Amino acid sequence: MTVDYATVLDHMVATAREAGALTLEHFQRFRDIEIGIKGPGDFVSDADRDSETLIRERLLGRYPWGLTGEEFAPVEGSDDDHRWLVDPIDGTTNFLFGQHYTITIALRRGNETICGLVYNPVADEMFTAMKGEGAYLNRVRQRVSASTDVALMCVGTGLPTPNLSLYPGAYQRLDEIRAPIGAVRVVGSAANSCAYVACGRLTGYYEETGFIDTAAGILLVQEAGGIVTDWWGRGPEVYEKTGTLIVANPATHAYLLERLRDVPPKDPA
Ligand code: IPD
Ligand code: CA
Ligand code: CA
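The structure reproduced in this document is the subject of the present report.

Rules of the game
- Residues numbered from 1 in each chain as written.
- Chains lettered and ligands numbered in written order.
- Predicted model: local features only at pLDDT ≥ 70, side-chain atom pairs only at ≥ 80, totals over all residues.
- Heavy atoms only, no water.
- Helix = DSSP H or I, 4+ residues; strand = E, 2+ residues; numbered from the N terminus.
- Rg over C-alpha atoms; globule rule 2.2 N^0.38 Å.
- Buried < 20%, exposed > 50% of the residue type's maximum accessible area, 1.4 Å probe, protein only.
- Areas by Shrake-Rupley, 256 points an atom, 1.4 Å probe, with all protein chains shown as cover.
- Lys, Arg positive; Asp, Glu negative; His and termini not counted.
- Charge placed at Lys NZ, Arg CZ, Asp CG, Glu CD.
- Donors = N, O, S within 2.8 Å, 3.2 Å for Na, K, Ca; no water.
- Pairing = 2+ DSSP bridges.
- Axes fitted to C-alpha atoms, helices over the stretch in contact; angles between N-to-C directions.
- Contact = heavy atoms within 4.5 Å.
- Parallel < 35°, antiparallel > 145°, perpendicular 65-115°, else oblique.
- Tetrahedral: all angles 85-135°; square planar, octahedral: opposite > 155°, others 65-115°.
- Salt bridge = Lys/Arg side-chain N within 4 Å of Asp/Glu carboxyl O.

Observations concerning the overall build of the protein chain
- When its secondary structure is counted, the protein chain shows eight helices and 14 strands.
- Computed over the C-alpha atoms, the radius of gyration of the protein chain is 18 Å, within 12% of the 18 Å expected from 2.2 N^0.38 for a compact globule of 269 residues.
- Along the first, second and third principal axes, the C-alpha set of the protein chain runs to 50 × 45 × 35 Å.
- When burial is assessed residue by residue, the protein chain has 54% of its 269 residues classed as buried.
- Here the protein chain has roughly 11900 Å² of accessible surface; of this, 50% comes from carbon and sulfur atoms.
- The positive charge centre, built from 24 side chains, and the negative charge centre, built from 37, are 4 Å apart in the protein chain.

Digging into the coordination of the calcium ion (ligand 3)
- Coordination of the calcium ion (ligand 3) by the protein is provided by Glu70 (OE), Asp87 (OD), Asp87 (OD) and Ile89 (O), with metal-donor distances spanning 2.3 to 3.0 Å.
- Mapped onto the sequence, the donors of the calcium ion (ligand 3) take the spacing E-x16-D-x1-I.
- Distance-wise, the calcium ion (ligand 2) is placed 3.7 Å from the calcium ion (ligand 3), both being coordinated by glutamate 70. Remark: isoleucine 89 occurs in strand S4 (residues 82-90) and glutamate 70 occurs in the loop between strand S3 (66-69) and S4; sequence separation between them is 19 residues.
- The exposure class assigned to isoleucine 89 is buried, which follows from its relative accessible area of 1%.

A look at the sheet that holds strand S10 (residues 154-156)
- Strand order in the open sheet formed by five strands is S11-S10-S12-S14-S13, and the pairing between neighbours is mixed. With one partner strand each, in any of the chains shown, strand S11 (183-185) and strand S13 (227-229) form the two edges of the open sheet. Taken pair by pair, the neighbouring strands of this sheet meet at an average axis angle of 15 degrees, ignoring direction.
- Where S10 meets S11, three bridges bridge the pair, whose relative direction is parallel. Within S11, the residue paired with valine 155 across the bridge is valine 184.
- Along the sheet face, helix H6 (residues 211-223) touches S13 and strand S14 (244-248) and points at about 35 degrees away from the line of S14.
- Relative to the sheet, helix H8 (residues 250-260) contacts S10, strand S12 (204-208), S13 and S14, its axis offset from that of S14 by approximately 150 degrees.

Details of the packing of helix H5 (residues 190-198) against H6
- At their nearest, the axes of H5 and H6 sit 8 Å apart, and the two run at 0 degrees to each other. The angle between the axes of H5 and H6 places the two elements in the roughly parallel class. For the pair formed by H5 and H6, the contact residues are Ala190, Ala191, Cys194, Ala195, Val197 and Ala198 on the first element and Asp213, Thr214, Gly217, Ile218, Leu220 and Val221 on the second.

Regarding the coordination of the calcium ion (ligand 2)
- Coordination of the calcium ion (ligand 2) by the protein involves Glu70 (OE), Asp87 (OD), Asp90 (OD) and Asp213 (OD), with metal-donor separations of 2.0 to 2.8 Å.
- Viewed at the metal, the six donor atoms of the calcium ion (ligand 2) are separated by angles of 60 to 171 degrees, and the geometry they form is irregular.
- Each donor residue of the calcium ion (ligand 2) lies on one chain, and together they are spaced E-x16-D-x2-D-x122-D.
- Owing to a relative accessible area of 31%, glutamate 70 belongs among the partly exposed residues under this scheme.
- Judged by its relative accessible area of 8%, aspartate 213 is buried.

A few points about the pattern of salt bridges
- Under the criterion given, the structure shown has 12 salt bridges.
- Between glutamate 76 and arginine 83 there is a salt bridge, with the nearest N and O atoms lying 2.6 Å from each other.
- Because the salt bridges share partners, they merge into one network encompassing Glu18, Glu57 and Arg58.

Here it is, written out as structure tokens:
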């Protein structure tokens, strides 16, 4: 089956814009949104479900491939090769507190991400990438930061709160990396954090998070000249399963690898 992936990416972009408009309607009245709790520190709202329902309808209406989303059970598709990965709101906590969030969609073929996007509807920032074709923000080519100066490194991560027991060592790790770098930021969306590395707003990002959150963002960073590994320097065969991820420019990647490798939990592999 021959697929025109440039056209597919155009449809992904149109779909994310539609989902963006839909979620913005909820977002504008964020103080009134009813918050559901999936688990400790894990929130959900009607906006997440409405957004995923819309994205499923649009994508599967044209391309009836398998789809794994965050809010509903996965669906199996008409071919064994292609699969959509969808996070209808990445950064739900940000969303519920009136802060920036993203919509992220990746298209996988076998073990590869062919194209992906991260869309921030609040800022109207559309990050897109296609394998071998570069990373773009609103159609402008992006590169990771070229900086090598440790004092100018700006590193993103995520911080667990009530669910800390699921992420042992999270604050020790933060303590380990914080000096002598210039800054640490919690962007609040794993997808957006990767996008920020791709365009140089962060020099690096590390977290233990789900692959649906980061599949598109990883492609963005790779296409922007960044390095992607797990905390022990290993490739996709490991980080896609464990979610322990470093995405960074080369200098920040080397710094984070050195700092993260010995903080518990020890390498689970
Ligand atoms: C979360 C966000 C957050 C990250 C968590 C993710 P959600 O996704 O990306 O920034 O720290 O690891 O689970 O729950 O908002 O879709
Ligand atoms: Ca997510
Ligand atoms: Ca989500």
